[in-house]
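# Reading the structure
Below are the chains, spelled out letter by letter.
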Amino acid sequence: MDVIDFLFSDKGLEILRASVLVILGLFFAKVAAVITQRVSEPYLEPQQTALLKRVVFYAIVIVTLMSALHQLGFSLTVVLGAAGILSVAIGFASQTSASNLISGLFLIGEKPFRIGDFIKIGDTIGEVLSIDMLSVKLRTFDNLFVRVPNEMLLNSEVTNLTRFAIRRLELKVGVAYREKLSHVREVLMQVAEEYPLCLTEPKPVVLFLGFGDSSLDLQFNVWATRENWLDLRNNIPERVKEAFDEAGIEIPFPHRSLYTGSVTEPFPIRVVSSRDDEEPTP
Amino acid sequence: MSGVELNEVMEVTETPSRPWWGHYPLEEGRHGLFWQIGPLALQARRWRQEWRLAWQEGEDPLTSELSFSALDELDETRCKVARFAFQESARGLTLCPRLADRPVVVRPDTPLYIPPREETIIYVSTSAWVQVLSDDGGVPLIEIPSYRPSDSWFGPNTREGELCYASRSLARLRLDEIVQRPHRVVSPVTIRNRAADALLIERLSVPVPLLPLYASAEHQLWTQPMVMERSDDGKEGALKLEEMRLPDGMEATRVSEARQLQERHGLFRTLESLFA
């Protein structure tokens, strides 16, 4: 009896109204969020849609709660004042989180990379799994999960390995000093020409790097599509080696020339015959 | 289409009695088929529920060999293999020629100039793709290039552009210089320079996926001729497709459709993107 009396009293009706308002508000917020998602999905990136959806939802929930509180007779100024003090306190405590949040918003707007791209940050290379409010989640090549705070991404250099469709491979190769460079260039160009995955344009280039300690150092620059780059990286050295073998071009081992002094005298050498000797060599 | 003739080896100089494309029914008592189409050696073997294809690409893209024979067992050494399962496999296959699935870029070996108020026709040669279909053309199974061209990039820089194939064609200017091979498709491109200065052609991109494929009475493959005109003020115009005609005025039959639909108004792309 008491409960029903209470419910039908003024106070009770207010509470009832407020509750109904909150329930309806939550329902409406949910519906609005779903509608926002459907409408914006074709036009925005997935993470931007998610963000918009959350903003719409929480905006409506907050408005609903404030109306409900108003219904119950709370003075909004008091509530806002309390909220103000609370947010200052929270703000000081959550500086890094706020920074990450803002960085996240900038990242979403700037779009240096998308979900599915491969990025390199510091020493970590991985596939972008998701771009969230506070961090970006990566999957490394050896299938490990890495969480990178957004702040770090905004403040340091990030390399997007998959932004452009084609990628250059730089193969360093050294040839013996006795080799004729024009011949070596011909052989290398022939290797590129015969390999269909190696792009004809941009043209492969043979760069002369320098007169090395043991060899003439060259750099062979070839291009492939992003998808074929790994195949190129694995197959081109093999083909270069085969072509060099066929053409008789030597890739030398490290050389050291020994001198006995300013006046070069021959080293004393004693020939010891092997195999037939039964005595051990002294 | 005349009946299947076994063990024909054709030189390109004489007109074969049938083109390499078309329907190939399996002879009674034989289990498979073999084709040599230019550098491509293609074998096909039939079982009740399966067709098994094995193919190998030759080294020389310019070989003109063309032959067909029946076979009973596959020789899969150094071949790529594909198997197709059926409830009841058809007793024959059909081959259909197609154009490349990407634009083809041709680079004249030496720089080519078109003097002011001159025009010329450049004959571009590209590899044909061999499409294998089951039975009399009902179900497409696979497409194999007769010669896999080299990948290439066509665009103003390494960031923007598109993936294409590089043609080994030398961009011949004289029709009598063209050696037509059974597995190659010829596209005549007319370049008209109406401006007061010479036009240098360093590379030419032919939007091959937008073109249908035709064949002459001698079973040589052609596309429609294309025209690009550079106007008086030096502005390059869009590439236009002309009506299909062969240089000698002979009849041409359409053998396969374009891979992609044309953009609006039948204009493909401006000279900037054509000539990079």
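Residues numbered from 1 in each chain as written. Chains lettered and ligands numbered in written order. Predicted model: local features only at pLDDT ≥ 70, side-chain atom pairs only at ≥ 80, totals over all residues.

Regarding its fold elements, chain A presents 8 helices and 8 strands. In terms of overall size, chain A is more extended than a compact globule, its C-alpha atoms giving a radius of gyration of 36 Å where 282 residues would be expected to give roughly 19 Å. Expressed along its principal axes, the backbone C-alpha trace of chain A runs to roughly 120 × 50 × 40 Å. For chain A, the residues scored as buried account for 15% of the 282 residues in total. Taking the contacts inside chain A whose residues are at least 6 apart along the sequence as the reference set, 63% of them involve residues at least 24 apart. (Helix = DSSP H or I, 4+ residues; strand = E, 2+ residues; numbered from the N terminus. Rg over C-alpha atoms; globule rule 2.2 N^0.38 Å. Buried ≥ 20, exposed ≤ 12 C-beta atoms within 10 Å, placed from the backbone. Contact = placed C-beta atoms within 7 Å.)

Before going further, it helps to examine helix α3 (residues 46-71) of chain A. All names here are of chain A. Look at α3: 38 Å from first C-alpha to last across 26 residues, which is about the 38 Å you get at 1.5 Å a residue. Looking at the packing, one finds that the buried side of α3 touches α2 (10-40). Of the residues trailing α3, G73 is marked for its positive phi of about 100 degrees. (Expected span 1.5 Å × (residues − 1).)

All names here are of chain A. Read across the open sheet, the 5 strands follow the order β4-β3-β2-β1-β5; overall the sheet is antiparallel. The open sheet is flanked by β4 (145-149) and β5 (158-160), the only strands paired with a single partner. Mean inter-strand twist for the sheet, computed between neighbouring axes without regard to direction, equals 40 degrees. In this structure, strand β2 (residues 124-131) lies alongside strand β3 (residues 135-140), joined through 5 bridges in antiparallel fashion. The residue bridging I131 from the neighbouring strand is V136, located in β3. (Pairing = 2+ DSSP bridges. Axes fitted to C-alpha atoms, helices over the stretch in contact; angles between N-to-C directions.)

A few words now on the confidence of the model for chain B. Residue and element names in this part refer to chain B. Chain-level pLDDT for chain B is 82 on average; 86% of the residues reach the 70-or-more range. Every residue in residues 1-13 is under pLDDT 50, and counting partners more than four places away or in other chains gives 22 contacts. Across residues 264-274, confidence stays below pLDDT 50; counting only partners more than four residues off in sequence or on other chains, it has 24 contacts. Here the prediction assigns the complex a pTM of 0.73, and the interface score ipTM is 0.78. (pLDDT = per-residue confidence, 0-100.)

The next point concerns the domain arrangement of chain B. All names here are of chain B. The assigned domain composition of chain B is domain 1 (8-97) and domain 2 (100-127 + 149-275). In this complex, domain 1 contributes 15 residues to the contact, which on the side of domain 2 involves 12 residues. Here the side of domain 1 that touches domain 2 is built from residues that sort into 12 nonpolar, 3 polar and no charged. (Domains from an automatic or database assignment. Nonpolar A, V, L, I, M, F, W, Y, C, P; charged D, E, K, R; others polar.)

Glancing now at the sheet that holds strand β14 (residues 150-154) of chain B. Residue and element names in this part refer to chain B. Strand order across the open sheet formed by 4 strands is β14-β15-β9-β18, with mixed pairing between neighbours. Among the strands making up the open sheet, the edge pair consists of β14 and β18 (204-206). Each strand of the sheet is rotated relative to its neighbour by a mean of 45 degrees, with strand direction disregarded. One ladder, built from 5 bridges, connects β14 with strand β15 (residues 162-167); its direction is antiparallel. By the bridge assignment for β15, S152 is matched with C164.

Residue and element names in this part refer to chain A. Running from amino to carboxyl end, α2 crosses α3 at an angle of 165 degrees, the nearest separation of the two axes being 8 Å. By the criterion of interaxial angle, the relationship of α2 to α3 is roughly antiparallel. Crossing angle aside, the handedness with which α2 passes α3 is right-handed. For the contact of α2 with α3, the per-class residue count stands at 15 nonpolar, 8 polar and 4 charged. (Parallel < 35°, antiparallel > 145°, perpendicular 65-115°, else oblique. Left-handed = near helix turned anticlockwise from the far one by under 90°.)

Turning our attention to unusual backbone geometry. Residues and elements named next belong to chain A. Of the consecutive residues E201 and P202, the connecting peptide bond is found in the cis state with omega at 0 degrees. Even without glycine at this site, K111 takes up a positive phi of about 55 degrees. Note on K111: 11 C-beta atoms within 10 Å, which makes it exposed.

Attention now goes to the pairing of strand β8 (residues 92-98) of chain B. Residues and elements named next belong to chain B. In terms of residue burial, β8 counts as a mostly covered element, since 6 of its 7 residues are buried. Inspection of the sheet shows β8 paired to strand β12 (residues 129-134) by 6 bridges, in the antiparallel sense. The residue of β12 that forms the bridge with R98 is W129.

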